[in-house]
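# Notes for the structure review
Chain residues, written in single-letter form:
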Amino acid sequence: EFNNWVKGGYAKFKCFQGATANQLLTYVEPTLKEESFKAAILHVGVIDLLQNKNKMTDVEKIENLIENLKLTANKCISYGISKIFVSGIVISDRLPLSVVRDANSKIIDMCNEYSFIFVDNSNILHSNHFYDGLHLAESGKRILANNFIGRLNCFLTPRNQSQIKT
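Notes on the structure in this doc start here. (Residues numbered from 1 in each chain as written. Predicted model: local features only at pLDDT ≥ 70, side-chain atom pairs only at ≥ 80, totals over all residues. Heavy atoms only, no water.)

### What about unusual backbone geometry?
Worth spelling out the cut-off: Helix and strand assignments come from DSSP, with helices taken as H or I runs of at least 4 residues and strands as E runs of at least 2, each series counted from the N terminus.
Its identity as a non-glycine residue notwithstanding, serine 115 has a phi of 60°, on the positive side. Looking at the element boundaries, serine 115 is found in the loop between α5 (97-114) and β4 (117-119).

Below you can see the structure in the form of structure tokens.
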């Protein structure tokens, strides 16, 4: 169904693979200058929580992730995007489940505070990953896309011909 949105011109898929939440802002701005969108899905986090360049605690990494998501969302809003969807952290063999839960709890709090829309990915399991325990296998990508579509369908419809940026 996600491909139908893209093929029908109602959605535009733009991936910045491997980008951290901090780097996302750098990648998003040129795209926003080129085209206009009604909505954006921000999907980042696992890499942010895995990296430990500055010997940050898990709490500090989560706080840093949230601040960078806010900055990117606010940049999207400054370019006229009216709906911000924030994708929840997907479980990973490389992250303790408690960190994923804490991060998602903070993301939900941020979404509630700023009227962003949370995309729940808790239905993606370890079995939906490749052997590396980090990247999603085809089954995981399908679930993730369906999670996006499910939330998008609640707020936007192709009949509105809304363009969506993911």
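### Some points on the packing of helix α2 (residues 21-34) against helix α4 (residues 58-78)
The condition that has to hold: Think of each axis as a best-fit line through the C-alpha atoms, taken over the contacting stretch in the case of a helix, with angles from 0 to 180 degrees between the N-to-C directions. Roughly parallel covers angles under 35 degrees, roughly antiparallel covers those over 145, roughly perpendicular covers 65 to 115, and oblique covers all other angles. Any pair of residues with heavy atoms lying within 4.5 Å of one another is described as a contacting pair. Think of it as three bins: nonpolar holds Ala, Val, Leu, Ile, Met, Phe, Trp, Tyr, Cys and Pro, charged holds Asp, Glu, Lys and Arg, and polar takes everything else, Gly as well.
Where α2 meets α4, the closest approach of the two axes is 9 Å, and the angle between their N-to-C directions is 5°. As judged from the angle between their axes, α2 and α4 are roughly parallel. Here α2 contributes Ala21, Asn22, Leu24, Leu25, Val28, Glu29 and Leu32 to the contact with α4, which in turn contributes Leu65, Asn68, Leu71, Thr72, Lys75 and Cys76. Its residues assigned to classes, the contact of α2 with α4 shows eight nonpolar, three polar and two charged.

### Here's the deal with the packing of aromatic side chains
Rules: To pair, rings of Phe, Tyr and Trp, with the six-membered ring standing in for Trp, must have centres within 6.5 Å; the planes then decide the type, stacked if under 30 degrees apart, edge-to-face if over 60, and tilted in the middle. Accessibility here uses a 1.4 Å probe with only protein chains present; expressed as a share of the type maximum, an area under 20% marks a residue as buried, one over 50% as exposed, and anything in between as partly exposed.
Using the criterion set out here, one finds two aromatic pairs in the structure. Measuring from centroid to centroid gives 5.3 Å for phenylalanine 16 and tyrosine 27, while their planes differ by 10°, and the two rings are stacked. Of this pair, phenylalanine 16 sits in the loop between β1 (11-12) and α2 while tyrosine 27 sits in helix α2; the two residues are 11 residues apart in sequence, bridging distant segments of the chain. Both rings, one in tyrosine 114 and one in phenylalanine 116, keep their centres 5.7 Å apart while their planes meet at 20°; by these two values the pair is stacked. For tyrosine 114, a relative accessible area of 34% puts it in the partly exposed group.

### Some remarks on helix α6 (residues 138-155)
The test is simple: Take the number of residues in a helix, subtract one, and multiply by 1.5 Å to get its expected span.
Under the 1.5 Å per step criterion, the end-to-end length of α6 is 26 Å for 18 residues, consistent within 8% with the ideal 26 Å. Within α6, burial applies to Gly140, Leu144, Asn147, Phe148, Ile149 and Leu152.

### Brief notes about the pairing of strand β2 (residues 39-42)
Inclusion rule: Each pair of strands is called paired provided DSSP finds at least two bridges between the two strands.
Side chains Ala39 and Ile41 project from β2 onto one buried face, and the interleaved Ala40 and Leu42 project onto a second face that is buried too. In terms of strand pairing, β2 meets strand β3 (residues 83-87) through four bridges, oriented parallel. If you follow isoleucine 41 over to β3, its bridge partner there is phenylalanine 85.

### Focus: the side chain of asparagine 128
The cut-off we apply is this: For this analysis, a polar contact is any N or O atom pair within 3.5 Å, provided that within protein one partner can donate a hydrogen and the other can accept it, and provided that sequence-adjacent residues contribute only side-chain to side-chain pairs.
Along the polypeptide, asparagine 128 turns up in the loop between β4 and α6. Exposure remark for asparagine 128: the relative accessible area of 8% places this residue in the buried category. In this structure the side chain of asparagine 128 is engaged in a polar contact, spanning 3.0 Å, whose partner is the side chain of serine 139. Leave out the neighbours within four places in its chain, and asparagine 128 touches Asn123, Leu136, Ala137, Ser139, Gly140 and Ile143.

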